[in-house]
Amino acid sequence: MLENTNDKCKKDIERKLSTMIQKPTRILQCFVSNKVDGVTQSIYNNYKYMDKETVRYDFLYIHGKPWFATELEMEGSHFVEVPSLKHPISYFNTIRKIVAHGRYDAVYFNLSFAHIVPILAAYAGHAKNILVHAHSSSIDRKQAWKRLIIRMYHYLSKSVWNHFINYRLACSTLAGNFLFGKKHMLDKEFSIVHNAIDLGKYKYAESLRNEVRKELGVSPYSFVVGHVGRFSYQKNHPYLISIFKEICSKHPDSILVLVGDGPDKNQVQLQVQREGLSEKVIFLGIRKDVNQILQAMDIFILPSFFEGLAIVLVEAQAAGLPCLASDTTSSESKGSPLVSYLSIKDKPEIWADFALKFLSYNRSSPLRSLSDHGYDNRREAKRLQAMLVCMR
């Protein structure tokens, strides 16, 4: 009789374990944007190659659903709008209620600076696990006084929020140090998760290069300088325009292609006009075919004040482009010999001279090297998936 009882208990435990294995690990992703920014893109890139029967994401957004919402809703994900911080009580209570009712295995915050309010809201909603993923290494605000205020809030949040966080991720060592501090980067609950991409989409093809140039109205023989990024303080567009002006003075048959949008776009356009470069600078706005636009370029320049980990730099390398970046950019973005670094304290002429070294070169895509450095999103997605499953 006892033997039969033990067999029954064993079968019951096996049944429960089987149910747990079959049930997806449910993650609430906070927050995604309706703009094609690096953070939202990296969230999508990772989730795209996860097994939806193993991990299931729901998403919170503030200003409009992201561009991939319809696709993922068809796969079972839910998208819920949250009021902006202009309405702090409503913002807090909405997050708290969603977390409480959703009973997620983890609430996953993607942050550029320490932000204690949503963390406390998730904690108040009795989140089983709270995970924070660092995506930046400084504060992206043009006005110095705004940077100072946010930095003060950042350090205040850092001083208390580690009591509420269970797991910490970062796109780079720089980003991890900025958001968590070196002490917490030594914890077993900390991991680097790269901003990986679909490498094959970016592989260089000369026929596509010629086709895209034709669409843009650019000569096959012009030297094309490229940049992809939000028009904001972080990306340092005024310095980029100064570099391009020097390039044009030394090599007149040059074109600058700018992809992106943002609060500083009008000011950059005015600078281009003042410098007499209007006929040489192409503003493409937000594009979903960045992988193709990169084919038309000859060099990619990224003179940012800071970067957590520049996903566009990885994309440019995958397209076989020589890349010139500021030395304030994380060196972990370098997944091949194509990347070189200079200081934004240098005169623009120094950057221009270096860029013009690539007027002629044999172009090919170092996809294997990038994959070996952790930038293949099929591999990185599976690695992140395994981490999330272990949180149950």
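For the structure, see preceding data.
Residues numbered from 1 in each chain as written. Predicted model: local features only at pLDDT ≥ 70, side-chain atom pairs only at ≥ 80, totals over all residues. Heavy atoms only, no water.

**Points about unusual backbone geometry**
Put simply, the rule reads: Segments assigned H or I by DSSP are reported as helices when at least four residues long, segments assigned E as strands when at least two residues long, and all are numbered from the N terminus. Each residue is assigned to one of three classes by its accessible area relative to the maximum for its type, calculated with a 1.4 Å probe on protein chains only: buried under 20%, partly exposed between the two thresholds, exposed over 50%.
A cis geometry characterises the amide bond from Cys30 onward to Phe31, with omega recorded as 0°. Take Phe31: it is sitting in strand β1 (residues 25-32). Positive phi, normally seen in glycine, also occurs at Arg103, with a value near 50°. On the basis of relative accessibility, which here comes to 74%, the residue Arg103 falls in the exposed class. The backbone of His126 sits at a positive phi, close to 60°, despite the residue not being glycine. With respect to the helices, strands and loops of the structure, His126 is situated in the loop between α5 (116-124) and β5 (130-134).

**Some thoughts on the pattern of salt bridges**
What counts here: Should a side-chain nitrogen of Lys or Arg be within 4 Å of a carboxyl oxygen of Asp or Glu, the pair is scored as a salt bridge.
Taken as a whole and assessed by the stated rule, the structure comprises 15 salt bridges. Taking the shortest distance from any N to any O, the salt bridge between Arg230 and Asp140 comes out at 3.7 Å. Here Asp140 lies in the loop between β5 and α6 (144-161) and Arg230 lies in the loop between β8 (223-228) and α10 (237-250), a separation of 90 residues in the sequence. Overall, Arg230 belongs to the partly exposed group, its relative accessible area being 40%. Taking relative accessible area as the criterion, Asp140 reaches 19% and is therefore assigned buried. A salt bridge links Glu307 to Lys235; its shortest N-O distance comes to 2.7 Å.

**Looking at the side chain of Arg56**
Here is the rule: Only four residue types enter the tally: Lys and Arg on the positive side, Asp and Glu on the negative side, with His and both chain ends excluded.
Along the chain, Arg56 turns up in strand β2 (residues 55-61). Of the side chains with opposite charge, Glu53 comes closest to the buried, unpaired Arg56, at an N-O distance of 4.1 Å.

**Side note on empty space enclosed by the protein**
We apply this condition: Points on a 1 Å grid, built from protein atoms alone, make a cavity when a 1.4 Å probe fits but cannot get out and make a pocket when they are open with protein on both sides within 12 Å along at least 5 of 7 lines; residues with an atom within 4 Å of a point are the lining residues. Grid points are joined across faces, edges and corners, and a volume is the space filled by probe spheres set on the points. By the convention adopted, Pro, Cys, Tyr, Trp, Phe, Met, Ile, Leu, Val and Ala count as nonpolar, Lys, Arg, Asp and Glu as charged, and the other residues, Gly among them, as polar.
Enumeration according to the criterion identifies 1 cavity of 30 Å³ or more in this entry. Of all the secondary-structure elements, those providing two or more residues to the lining of the largest cavity are α2 (38-48) and β4 (106-111). It is α2 that provides the largest number of residues to the lining of the largest cavity, a total of 3 residues. Broken down by class, the residue content of the lining of the largest cavity amounts to 4 nonpolar, 7 polar and no charged.

**Things to note about the layout of surface pockets**
By volume, the second largest pocket amounts to about 250 Å³. Forming the boundary of the second largest pocket are 15 residues, of which Arg209, Pro220, Asp298, Leu359 and Ser360 lie nearest the centre. Looking at the lining of the second largest pocket element by element, the count peaks at 3 residues for helix α9 (residues 206-216). Taken together, the residues of the lining of the second largest pocket sort by class into 7 nonpolar, 4 polar and 4 charged.

**Things to note about the pairing of β8**
The test is simple: Following DSSP output, two strands are said to pair if at least two bridges run between them. The definition of a right-handed crossover adopted here requires that, viewed with the strands pointing away, the path from the first strand over the helix to the second runs clockwise.
Counting buried residues along β8, 6 of its 6 residues qualify, which places the element largely inside the surrounding structure. Residues Phe223, Val225 and His227 point to one face of β8 and Val224, Gly226 and Val228 to the other, with burial holding for every one of them. Sheet analysis places β8 next to strand β9 (residues 254-259), joined by 6 bridges and oriented parallel. Among the inter-strand pairings, Gly226 is bridged to a residue of β9, identified as Val257. In this region the chain leaves β8, passes through α10 and returns to the parallel neighbour β9; the handedness of that crossover is right-handed. Note that β8 and strand β11 (residues 299-302) share 2 bridges and pair parallel. Note on β11: the bridge partner recorded for Val225 is Ile299.

**Here's the deal with the sheet that holds strand β7 (residues 190-192)**
Cut-off, in case you're wondering: Here an angle of 0 to 180 degrees is reported between the N-to-C directions of two axes, which are lines fitted to C-alpha atoms, with helices fitted over the stretch in contact.
Spatially, β3-β2-β1-β4-β5-β6-β7 is the arrangement adopted by the 7 strands of the open sheet, whose pairing is parallel. If you trace the sheet from one side to the other, it starts and ends with β3 (79-81) and β7, each paired once. On average, each strand axis in the sheet is tilted by 20° relative to the strand beside it, whichever way the strands run. Bridge analysis of β4 against β5 gives 5 bridges, and the strand direction is parallel.

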